[in-house]
Amino acid sequence: MSAPTHIRPHPATRAGADSRLPWWALALPTLAFAALLALILNPSDAQAATGDPAITHLFERVQQLIAR
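To keep things clear, this report deals only with the structure shown in the data block. (Residues numbered from 1 in each chain as written. Predicted model: local features only at pLDDT ≥ 70, side-chain atom pairs only at ≥ 80, totals over all residues. Heavy atoms only, no water.)

When helices and strands are counted, the protein shows two helices and zero strands. The proportion of buried residues among the 68 residues of the protein is 0%. Here the protein has roughly 7,200 Å² of accessible surface; of this, 65% comes from carbon and sulfur atoms. (Helix = DSSP H or I, 4+ residues; strand = E, 2+ residues; numbered from the N terminus. Buried < 20%, exposed > 50% of the residue type's maximum accessible area, 1.4 Å probe, protein only. Areas by Shrake-Rupley, 256 points an atom, 1.4 Å probe, with all protein chains shown as cover.)

In structure tokens, the structure reads:
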């Protein structure tokens, strides 16, 4: 015995869905791209951190623990 299938009279509409992006969804990546491009074009403005970097110590510690 087969069950009857219900067919929709018309396809569902997307009346409630908004397909527009907010303003910041385009502005933030554009701003980040412009900042990185400015650093590439003028690398003298990018200054390295001075002192003893903590990330180097972290990598050395991980390497020591793996070597054991």
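Structure shown, so let's carry the discussion forward.
Quick look at the environment of T30 now. Examined against the element boundaries, T30 turns out to sit in helix α1 (residues 24-41). Exposure remark for T30: the relative accessible area of 44% places this residue in the partly exposed category. Here L26 takes part through its backbone oxygen, which lies 2.7 Å from a polar atom of the side chain of T30. (Polar contact = N/O pair within 3.5 Å; in protein donor to acceptor, adjacent residues only side chain to side chain.)

This part is about a nonpolar patch on the surface. A cluster of nonpolar side chains, namely I55, L58, F59, V62 and I66, defines an oily patch on the protein surface of about 510 Å² accessible area. Examined against the element boundaries, V62 turns out to sit in helix α2 (residues 54-67). Residue V62 is classed as partly exposed on the basis of its relative accessible area, which comes to 37%. (Patch = residues over 30% accessible without salt bridge, like charges linked within 9 Å, V, L, I, M, F, W, Y side chains within 5 Å. Salt bridge = Lys/Arg side-chain N within 4 Å of Asp/Glu carboxyl O.)

Taking 1.5 Å of rise per residue, 14 residues should cover 20 Å, and α2 covers 20 Å from first to last C-alpha, within 8% of that figure. The element α2 is barely covered by neighbouring structure, given that only zero of its 14 residues are classed as buried. (Expected span 1.5 Å × (residues − 1).)

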